Amino acid sequence: MLEKEYSERYVAFLDILGFSNIVSTSVASKESTATLIAAVETIGELQKQYDSLKSDDFRAQTFSDCIVMSEKASPLGLVHLLAATTHAALSLLEIGIFIRGGFAKGLLYHSDQVVLGPAMIRAYQLESSIARYPRILVDQSTHQDSCTDAFQKAATGWSISPRIALAEDGPPFVDIFDLTRDPAVFENGLEDIEKIQKVIETELHKSIYIPAHYEKLRWLAIYWNSVSAEFNRPLVKFPHQSA
């Protein structure tokens, strides 16, 4: 039975972008319904998978358009939660679901029914007020922890250890595309990686009539291309390039 008090934990707050529109259109076609159900099922399967894989008290909840995952504030907890967050973001992206989020360290209470505390508020603020683009921002404490020898030691043994990068506009973020450097970590290898590239390209082209959406997807496309260019993989084409 959980003690009803705060403890030091890492928490990832993920928001599914455009979820209300996905729900609204899910009744219009079988394809939309399938996309919605697939998204929810993907999240559920990830929770089961990461609950048993090298975790340190992993907990997860999904409600409406939000996913919350947390672990103890230990080096192992940080490695595992970064990996779970990365996998969740890429798995959803494969089926056309984009996420934005915040990742923070601090006091948190997380049970099967309740998740609350200063760390949760900080993660939410990073997502809602600062992230802007489809990315998962990381707070200062987490970023500093990821630079320690203890974190590097805990990451030993992972085929590609989860990584935090710095964005051009400043803030650290979870480098989800770092995982694409090793196709073997995907179920269908390069096929899954190409699927993500096509999703980003398709949605980018569809967004040209809504500048606010285009700006967000343009950031994601540039980020994707910066990684893919290292391996001579197909890049996301921008609308002016395919006209």
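Everything that follows concerns the structure shown earlier in this document.
Asks: Would you mind going over the nonpolar core with me for this structure?
Replies: One broad trend across soluble globular proteins is that nonpolar side chains are buried collectively. One finds Met-69, Phe-103, Ile-136, Ile-176, Phe-177, Ile-200 and Tyr-223 to be the most contacted residues of the largest nonpolar core, which totals 55 residues. Among the elements that make up this core, the one with the highest residue count is helix α3 (residues 75–94) (11 residues). Beyond its immediate chain neighbours, meaning those up to four positions away, Ile-136 contacts Leu-14, Thr-85, Ala-89, Ile-99, Gly-101, Gly-102, Phe-103, Pro-172, Phe-173, Val-174 and Ile-176. In this structure, Ala-104, Leu-108, Ala-119 and Met-120 belong to the second largest nonpolar core, which totals 10 residues.

Asks: Looking at this model, I keep getting lost on a nonpolar patch on the surface. Mind explaining?
Replies: Judged by side-chain polarity, Tyr-6, Leu-107, Val-114 and Leu-116 come together as a nonpolar surface patch covering roughly 320 Å² of accessible area. Along the chain, the position of Leu-107 falls in strand β4 (residues 99–110). Using a relative accessible area of 39% as the deciding quantity, one classes Leu-107 as partly exposed.

Asks: I tried to follow helix α8 (residues 211–228) on my own but got confused; where do I start?
Replies: Within an α-helix, residues lying three or four positions from one another point in the same direction, as the helix has 3.6 residues per turn. Taking 1.5 Å of rise per residue, the 18 residues of α8 would be expected to cover 26 Å, and the 25 Å separating its terminal C-alpha atoms lies within 8% of that figure. Burial in α8 covers these residues: Leu-217, Trp-219, Leu-220, Ala-221, Tyr-223, Trp-224, Asn-225, Val-227 and Ser-228. Residues of α8 that are buried make contact with β8 (172–174) and α7 (190–206).

So, how was this worked out
Residues numbered from 1 in each chain as written. Predicted model: local features only at pLDDT ≥ 70, side-chain atom pairs only at ≥ 80, totals over all residues. Heavy atoms only, no water. Core = buried A, V, L, I, M, F, W, Y, C linked by side-chain atoms within 4.5 Å. Buried < 20%, exposed > 50% of the residue type's maximum accessible area, 1.4 Å probe, protein only. Helix = DSSP H or I, 4+ residues; strand = E, 2+ residues; numbered from the N terminus. Contact = heavy atoms within 4.5 Å. Patch = residues over 30% accessible without salt bridge, like charges linked within 9 Å, V, L, I, M, F, W, Y side chains within 5 Å. Areas by Shrake-Rupley, 256 points an atom, 1.4 Å probe, with all protein chains shown as cover. Salt bridge = Lys/Arg side-chain N within 4 Å of Asp/Glu carboxyl O. Expected span 1.5 Å × (residues − 1).

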